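# Tertiary structure, described
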Amino acid sequence: MNHPIKKLLFIVLLIAVSCSPKLQNTTPASTVNSLLWKISKDGVQPSYVYGTFHLLPQADFQLSEKVQQAFGESEQIVLELDMDQEGMQMEMLKYMSMTDGTTISSLLPEEDYQKLDSILTSTIGMGLAMMDTWKPFFISTFLLTSYIEGTPASFEMSFVQMAKEQEKEILGLETIAEQMAAVDKMDYRSQTQMISEMLNEEDKMRKSFREMLDLYKNEDVEGLYAYTKAYMENPEEIEAMITNRNESWISRIGEIASDKSTFFGVGAGHLGGEKGVISLLKEAGYEVEAVR
């Protein structure tokens, strides 16, 4: 596999819905502001859940002392996907193309197509022609790199590196197939609309991205959930991309942490809300404590 494709696949693996807010703002119900939560329950080893920001400017990246301590105390590391899985790039390729003959060039107006082609060529060194059959969702994630000022950073890749240095096992809460099945709940035209908005409302998108980053730095999990939810076009998408995944993770968290203390890292947009990971863990009988 050539280098540009491998680079793009890593970007796709790192960017979740919580990194692509729709241009809308809401005022969520107030709650404790924290990205790091300690969880405990009979039959489960004391563990931590941490909300990540999948891709952000290096200047805004900070791994706090409390997170480093929680990471160090944990015996194993679990992310949304097993980022250290052998052959994961090849596995991802299986799900990236539209299978009904639809192309990006047929979905996008010519002006938007040319604009997108220019941005991709300048930011990732690959023109749109090489991705003409790719699902719009994946291409929209690449546009996010144009909103990153300076060198991009990733909590996930930092955690992978730290796990290797500390000789800790890395696991995933879900498979690539499961994550891609959730993405496929969004039809191609809805996915293409995301691209058009990002191309033609750049100033608003940059402002929105910065607002969301500020929420993250303030550890406002409810505010981040509101942005994630606002991104979705309909209730079915919210259910597929957020609710169903959150619910499936709860039993897996218990299974994974039954023998070893675990540091779980998931997109921060999954933590808040009535069906967020924090609320669902409480419903499942966990003692959940914000780490300040």
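Use the structure listed above.
Calculation criteria
Residues numbered from 1 in each chain as written. Predicted model: local features only at pLDDT ≥ 70, side-chain atom pairs only at ≥ 80, totals over all residues. Heavy atoms only, no water. Salt bridge = Lys/Arg side-chain N within 4 Å of Asp/Glu carboxyl O. Buried < 20%, exposed > 50% of the residue type's maximum accessible area, 1.4 Å probe, protein only. Helix = DSSP H or I, 4+ residues; strand = E, 2+ residues; numbered from the N terminus. Arc of directions from axis to C-beta. Pairing = 2+ DSSP bridges. Axes fitted to C-alpha atoms, helices over the stretch in contact; angles between N-to-C directions. Contact = heavy atoms within 4.5 Å.

### A few points about the pattern of salt bridges
Enumeration over the complete set of coordinates arrives at 13 salt bridges. The residue Glu-91 makes a salt bridge to Lys-94 at a minimum N-O spacing of 3.2 Å. Looking at Lys-94, the relative accessible area reads 58%, which means it is exposed. By sharing partners, the salt bridges in this structure join Asp-60, Arg-210, Asp-214 and Lys-217 into a single network.

### Considering helix α8 (residues 176-183)
By the burial criterion, the buried members of α8 are Ile-176, Gln-179, Met-180, Ala-182 and Val-183. Down the axis of α8, the buried side of the element spans an arc of 155 degrees, and every buried residue falls inside it.

### Here's the deal with the sheet that holds strand β2 (residues 44-52)
Read across the sheet, 6 strands follow the order β6-β4-β7-β2-β1-β8 without closing on themselves; strand pairing throughout is mixed. Every interior strand has two partners, whereas the edge strands, β6 (169-172) and β8 (287-290), have only one. Neighbour-to-neighbour, the strand axes of the sheet open up by a mean angle of 25 degrees, direction not taken into account. Here strand β4 (residues 76-79) pairs with strand β7 (residues 262-267) via 4 bridges, running parallel. Bridged to Ile-77 within β7 is Phe-263. Along the sheet face, helix α12 (residues 235-256) touches β1 (36-41), β2, β4, β6 and β7 and points at about 160 degrees away from the line of β7.

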